[in-house]
Amino acid sequence: MFPGQVYVSIVDCKSAGSELWTTGQTEGCAAFVGRCPGRRPTLVKSLKRAINVLTSREINGDDISALLVTAHPDDECMFFAPTIIRLVELKANVHLLCLSEGNYYNQGAQRRQELLNSCAVLGIPDCRITIVDHKKLPDDPKAEWSVSLVSSVIVHHMRAHSFNMVLTFDESGVSSHANHTAIHKALRHLAFSGQVPNGRRWTEREKTTGYRRLGLWTAPALKFEMTARKETGTAGRSDCCLLSLVTVGPLRKYISFLELPFSWLQPACLRCIIGSQGYRRAKDAMFCHRSQLLWFRYLYITFSRYMFVNTFQTIPQGPKNLKMY
């Protein structure tokens, strides 16, 4: 999008029925309209690439089109800040799909703005943020979100933007929040049933490779490593990689950067680590969520390993369009 171009960032579907999407349109939905800020040039100019792939084509950051799916405003910086920061540094196209406006305490309007402010700090422009407000997707730890509804929302967004990477929570949801785990169930359902839309197309040469590996370094303290596997002999499988954020136990979760050696040694298909500068950026993003800054949030900002490192595992995918009876 060009500077000054109008974008639609928030979807209000309170009046929608059980079907949220209809042929590319949002039924019974109103939209919040604003303006997309101009793109600023990145400061990351000298990247060393160590590529272990069976292709001569060099993979650039802008080859990555990533969708982060969260449940509430503040999830993006509480749990995924290292990933967002590293992808943005690589000039990847990062989008955010937030499935509720965080209206548990009737603060929805305030939390929407806090999310936009937080993403601005992390490097995601407003034009790449979608906040869904649906009566059947309330911000409530006791609410059971419909797997089919969540799946339809995610699929619609993926088809509209053609992502080749989708990131979300794992089955434990980091904090065991029911809304977090519901997203994983929905994405796992899409993966198992073969309903994941294809992402951005690679070259014919890349399609024949057994796997793709990309490792990038900007400084010794900052490490980003990504493994995107493309299996041969599995005709009809989506080329979109699905990744879930690994949940760790309380001891590892709250020892801050001291947890980094454990994350480094544990197997992971995607590992994002930030240093002191990245941590300050993640912390600034957290401070944008003023309505959520209770005393224990400050402890979280100080001691949580998710402010420094993210590790992901792949969500396995089944054959394309698998019929289930």
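Computed from a prediction, not measured in an experiment: that's the story for all the values here.

A. Representation of empty space enclosed by the protein in the model. Applying the stated rule across the entire model yields one cavity of 30 Å³ or more. In this structure, the largest cavity encloses a volume near 30 Å³. Lining of the largest cavity is provided by Leu-68, Phe-80, Thr-83, Ile-84, Leu-87, Val-94 and Leu-167. It is helix α2 (residues 81–89) that provides the largest number of residues to the lining of the largest cavity, a total of three residues.

B. Fine view of the side chain of Glu-114. As for its position among the elements, Glu-114 is in helix α3 (residues 108–122). Of the side chains with opposite charge, Arg-111 lies nearest to the buried Glu-114, which makes no salt bridge, at 4.6 Å. At a separation of 3.3 Å, a polar atom in the side chain of Glu-114 contacts the main-chain amide nitrogen of Arg-290. Here Ser-291 takes part through its side chain, which lies 2.8 Å from a polar atom of the side chain of Glu-114.

C. Structural context of the environment of Trp-264. In this structure, Trp-264 sits in helix α8 (residues 260–265). Exposure remark for Trp-264: the relative accessible area of 39% places this residue in the partly exposed category.

D. Quick look at the packing of aromatic side chains. Scanning the entire structure with this criterion turns up eleven aromatic pairs. Centre to centre, the rings of Phe-79 and Phe-169 are 5.7 Å apart; their planes meet at 75 degrees, and the pair counts as edge-to-face. With Phe-79 in the loop between α1 (75–78) and α2 and Phe-169 in strand β9 (residues 165–169), the pair connects residues that are 90 residues apart, well separated along the chain. Across the pair, exposure class does not vary: Phe-79 and Phe-169 are buried alike. Ring geometry for Phe-80 and Phe-169: centres 5.2 Å apart, planes at 65 degrees, overall edge-to-face. Here Phe-169 lies in strand β9 and Phe-80 lies in the loop between α1 and α2, a separation of 89 residues in the sequence. With respect to burial, Phe-80 and Phe-169 carry one shared label: buried.

E. Spatial organisation of α3. The end-to-end C-alpha separation of α3 is 21 Å, in line with the 21 Å expected for 15 residues at 1.5 Å each. Taken residue by residue, α3 has Gly-108, Arg-111, Glu-114, Leu-115, Leu-116, Ser-118, Cys-119 and Leu-122 as its buried positions. Against α1, α2, β7 (93–98), β8 (129–134) and α9 (276–287) lie the buried residues of α3. Once α3 ends, the next one or two residues include Gly-123, with phi positive near 110 degrees.

F. Geometry of the side chain of Ser-256. Checked against the element boundaries, Ser-256 lands in the loop between α7 (250–253) and α8. Among the polar contacts listed, one links the side chain of Ser-256 to the backbone oxygen of Thr-302, at a separation of 3.3 Å. In contact with Ser-256, other than residues within four places in its own chain, are Thr-302, Phe-303, Ser-304, Arg-305 and Phe-308.

About the thresholds
- Residues numbered from 1 in each chain as written.
- Predicted model: local features only at pLDDT ≥ 70, side-chain atom pairs only at ≥ 80, totals over all residues.
- Heavy atoms only, no water.
- 1 Å grid on protein atoms, 1.4 Å probe; cavity = no way out; pocket = protein on both sides within 12 Å on 5 of 7 lines; lining within 4 Å.
- Points joined across faces, edges and corners; volume = space filled by probe spheres on them.
- Helix = DSSP H or I, 4+ residues; strand = E, 2+ residues; numbered from the N terminus.
- Buried < 20%, exposed > 50% of the residue type's maximum accessible area, 1.4 Å probe, protein only.
- Lys, Arg positive; Asp, Glu negative; His and termini not counted.
- Salt bridge = Lys/Arg side-chain N within 4 Å of Asp/Glu carboxyl O.
- Polar contact = N/O pair within 3.5 Å; in protein donor to acceptor, adjacent residues only side chain to side chain.
- Phe/Tyr/Trp six-rings, centres within 6.5 Å; stacked < 30°, edge-to-face > 60°.
- Expected span 1.5 Å × (residues − 1).
- Contact = heavy atoms within 4.5 Å.

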